[in-house]
Amino acid sequence: MGSKLILLPAIDVVDGQAVRLTQGELSEKSVYGDPLDAAKAFAEAGAEWIHFVDLDAAFGRGSNRAMMHRVIGEVGIKVELTGGIRDDASLREALGSGCARVNLGTAALENPEWTRRCIEEFGDRIAVGLDVRGHTLATRGWTEDAGNLFDAIARLDSQGCARYVVTDVSKDGTLQGPNLQLLGEVMKVTSRPVVASGGISSLSDVAALRALVDDGLEGAIIGKALYAGAFTLQEALEVAGAR
């Protein structure tokens, strides 16, 4: 295999602590300590990117901006930022933090006109997160349905969306393996790069995702497997062709 898969280790933050949720449930969280320590460890292991999720902002119960600024300022690798970016003020604050790109979730589906303007103005710094159950999109911390996946991709493609982050909500935090069928279906209907999220549990999962790179899979977000010690980031990066 030639092409490399970009890995984005995830740091999900609640109340200033790195956590992992199971299927997006705040009540089902495991706490892993200082996000800055996690970010530095990922950088030292060779990560090019970090996927930073402000869960307090996503659930509308505060924010972890100070920690986000420390991670971006002190770690020195690219950061993809998501969580609670729903309007011009929160978007400009996020982009002004020095992150490489932001991942729009709920707002991209609930406010299409605003999203079109964001994509027009900021281009490649905007990714859209497509959180899916079956072929139905989920928003508001995965508590509400938001229409058909393929309708949304057709609209966002026409608006010039640069990339999609695709999460199978039923897999997230479960260590049950990524939904390769869903990723394949998405890549068939868009030429934009796709980042996979949710379910990676083993190095064989990483290898299976790398095999999709030539079909349009650009990267994969890895969370719980790293924190649970299923494998190290160095091992994953080797399998992904990044080392």
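The coordinates are above.
Residues numbered from 1 in each chain as written. Predicted model: local features only at pLDDT ≥ 70, side-chain atom pairs only at ≥ 80, totals over all residues. Heavy atoms only, no water.

A.B. asks: Can you explain helix α1 (residues 35–45)? Please cite residues and give values.
C.D. replies: Residues Pro35, Leu36, Ala38, Ala39, Phe42 and Ala45 constitute the buried set of α1. Between the side-chain oxygen at the start of α1 and the backbone nitrogen of leucine 36 there is a gap of 2.7 Å, and the oxygen is on aspartate 34. One or two steps after α1, the chain reaches glycine 46, where phi turns positive at roughly 115°. (Buried < 20%, exposed > 50% of the residue type's maximum accessible area, 1.4 Å probe, protein only. Helix = DSSP H or I, 4+ residues; strand = E, 2+ residues; numbered from the N terminus. Polar contact = N/O pair within 3.5 Å; in protein donor to acceptor, adjacent residues only side chain to side chain.)

A.B. asks: Requested: an account of the pairing of strand β1 (residues 6–14), with residues and values cited.
C.D. replies: Counted residue by residue, β1 has eight buried out of nine residues, so it is predominantly covered. As judged from the four bridges shared by β1 and strand β12 (residues 217–222), these two strands associate in the parallel manner. Within β12, the residue paired with isoleucine 6 across the bridge is glycine 219. Of the pairings in the sheet, the one linking β1 to strand β4 (residues 49–54) comprises four bridges and is parallel in character. Each residue of the ladder has a partner; that of isoleucine 11, found in β4, is phenylalanine 52. As paired strands, β1 and strand β2 (residues 17–22) are joined by three bridges and run antiparallel to one another. Looking at the pairing, aspartate 12 lines up with valine 19 of β2. In textbook terms, the turn of a hairpin is the stretch between consecutive antiparallel strands, and for β1 and β2 this stretch comprises two residues, one of which, aspartate 15, has a positive phi near 50°. (Pairing = 2+ DSSP bridges.)

A.B. asks: Residues and numbers for the environment of alanine 127, please.
C.D. replies: Position of alanine 127 among the secondary structure elements: in strand β7 (residues 126–133). It is 23 Å that separates the C-alpha atoms of alanine 127 and aspartate 205, two residues lying 78 residues apart in sequence. In this view, alanine 127 contacts Glu80, Arg101, Val102, Asn103, Leu104, Arg163 and Val165; residues no more than four positions away in its chain are not counted. (Contact = heavy atoms within 4.5 Å.)

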